Amino acid sequence: MIYFDNSATTEIDPEVVESMLPFLNEEYGNPSSKYYTLAETAKKSVEESRTSVAELINSRNDEIIFTSGASESNNFILKGISDYLYYEKKLGNHIITSKTEHKSVLETCKWLEKRGYKITYLNVNKYGQVDKDELEGSLTKETILVSLIWGNNELGTLNEISSLSSMCKDRSILFHSDATQVLGKIDIDVKSIPVDFLSFSAHKIHGPKGIGGCFIRKTKIGTKQKITPLIHGGSQEFDYRAGTHSVHNIVGFGKACEIAKREMNKNTLVLKDLETILIDQIRAIYPSSQINSHLTHKIPGVINVTLPGINNEILIRKLRNDVAISTGSACSLGEPSYVLKSIGLTESEIYTTIRISLSKFNTLNQVNSFINQLISIQ
Ligand SMILES: Cc1ncc(COP(=O)(O)O)c(C=O)c1O
C-alpha cells in the first residue's frame, strides 16, 4: 500500500514503538504513586517526554500539558478560557476564529455560541489564509480569545501566525493556534512567536494515537494561566488535566518529538522534492488541474488539487487497494468540504478535489508508481 494520507494519521515510527514497549510490559508503574522505583521510573519518563515536546517548540517544560490529542486540547483551551475569563473574571464573551478550522474548534465554538458567547468566523482567501486586516476589524472590547489554525488540514496552507498573534498580543488578547498539522513539520519557536496556547497530537508525527498535548504559556515571572479544566478529579498535569497518565503513549509522543526535531531539516528537503515532482506530473497528466494549496506558504508534502472531470470518490475507490489518498478531512466524510467551500470552490470542483499528504516514509518510487496508476486509469 502506498500511503499518501499522512494528514489523517501517520505510520508509527519503529523507534517510537521500541521506546513504548517497556511501558506496556514491565514498567507499568503509576507516575503519581510515591517513592518506589516502579513509580519513580514512570514519573521520570513522563518528565523526559515533556522535555522532548518542549524542545520541539522551544518552550519551558512546565508549559506542556499532556492530553488525549488535539481534539481534547482544542476543547480544553476554548471552553476553559471562555469559562474562566467570562464567568470567573467577568471579562468579555467574544471569541474570534475562522471558517476553516478543524471541527474540534468549530463545533466547540458552536457549543459556546449556544451558551451565550459571541463568535466571529473570519473568512479566508483562496489559499485558506486569514486576512490580518479582517482580524483587526473584528477585535472588540469584548474579545477574550482568538483561535486560528496554523496549518490547514485539508489544504496544507499556513496562516501567518507570527503577525496574527503579535496583533493580539499588542492588545492583550489571548491567542490560541491549532498546530496539529505543523508540529514537527515546520520550525515552531514560542519564544519568538507570541502565541499563548497551542494544540497538537502525536499521531500526525509518527507517534501513537490517543495522546497529544497543549502548550500553555506562563507569564514572564512564571505564573500559570488559569483555565477551567475539562477533566476534573486529580492534580495531574499541573492541575490542568486529571486522570492517570498514559505513560506508554506519553513516552511514544516524546520519542516522536525527539525524532521530528532531529530529522526536520532532512525530511523537509525530501518532502519538498517529492511534492514538486508530484505537482509537475499531475499538471502534465491533467493540464486543467488546479493546485488549491498555497505553493510556498505551506506544510511540506501536502497537496490539495482539483482534477476537473475526475470524481474524487470514484478515483479513491479505483486506487484503494494500492494507494491511500483522501478527499479531505477524515473527520467530516460524507459532506462537501466546508474548507473548500470557504476558499470559493464550487460543489462540482469540491467533488473533483483530492488531498495527497506525504511523509518521510514515502519514496520517489512510490510517487512514480502513483503517477503511473493515474495515467493507467485515465
Ligand atoms: C488541524 C487538526 N486539528 C485537530 C485534529 C484532531 O486531532 P486528534 O485526532 O488528535 O484529536 C486534527 C486531526 O485530524 C487536525 O488535523
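Residues numbered from 1 in each chain as written. Predicted model: local features only at pLDDT ≥ 70, side-chain atom pairs only at ≥ 80, totals over all residues. Heavy atoms only, no water.

Looking at an unreviewed UniProt entry, one finds the protein named cysteine desulfurase, with Anaerobacterium chartisolvens as its source organism. Listed in UniProt under the heading Catalytic activity (unreviewed entry), the comment for the protein reads: "(sulfur carrier)-H + L-cysteine = (sulfur carrier)-SH + L-alanine". Regarding the protein, the UniProt comment filed under Cofactor (unreviewed entry) reads as follows: "pyridoxal 5'-phosphate". (UniProt positions renumbered as here; feature names shortened; annotations may be inferred.)

(A) Structural view of the site of the ligand. Close to the ligand lie 14 residues, the nearest being Ser71, Asp178, Gln181, Ser201 and Lys204. Measuring from an oxygen atom of the ligand, one finds a backbone N or O atom of alanine 70 at 2.9 Å. Between threonine 180 and the ligand, the recorded distance is 3.3 Å, taken from a side-chain N or O atom to a nitrogen atom. Considered on its own, the ligand offers 400 Å² of accessible surface; in the complex 87% of this is hidden by protein. Per-element tally for the shell around the ligand: the top contributor is helix H3 (residues 70-88), with 3 residues. Here the residues of the shell around the ligand sort into 2 nonpolar, 10 polar and 2 charged. (Near = heavy atom within 4 Å. Polar contact = N/O pair within 3.5 Å; in protein donor to acceptor, adjacent residues only side chain to side chain. Areas by Shrake-Rupley, 256 points an atom, 1.4 Å probe, with all protein chains shown as cover. Helix = DSSP H or I, 4+ residues; strand = E, 2+ residues; numbered from the N terminus. Nonpolar A, V, L, I, M, F, W, Y, C, P; charged D, E, K, R; others polar.)

(B) Region of the structure containing the sheet that holds strand S5 (residues 143-147). Strand order in the open sheet formed by 7 strands is S2-S8-S7-S6-S5-S3-S4, and the pairing between neighbours is mixed. In this open sheet, the two edge strands, each paired with only one partner strand, are strand S2 (64-67) and strand S4 (118-122). Strand-to-strand twist of the sheet, defined as the mean angle between neighbouring strand axes without regard to direction, takes the value 20°. Across the sheet, helix H4 (residues 103-114) touches strand S3 (94-98), S4, S5 and strand S6 (174-178), and the angle it forms with S4 is around 150°. (Pairing = 2+ DSSP bridges. Axes fitted to C-alpha atoms, helices over the stretch in contact; angles between N-to-C directions. Contact = heavy atoms within 4.5 Å.)

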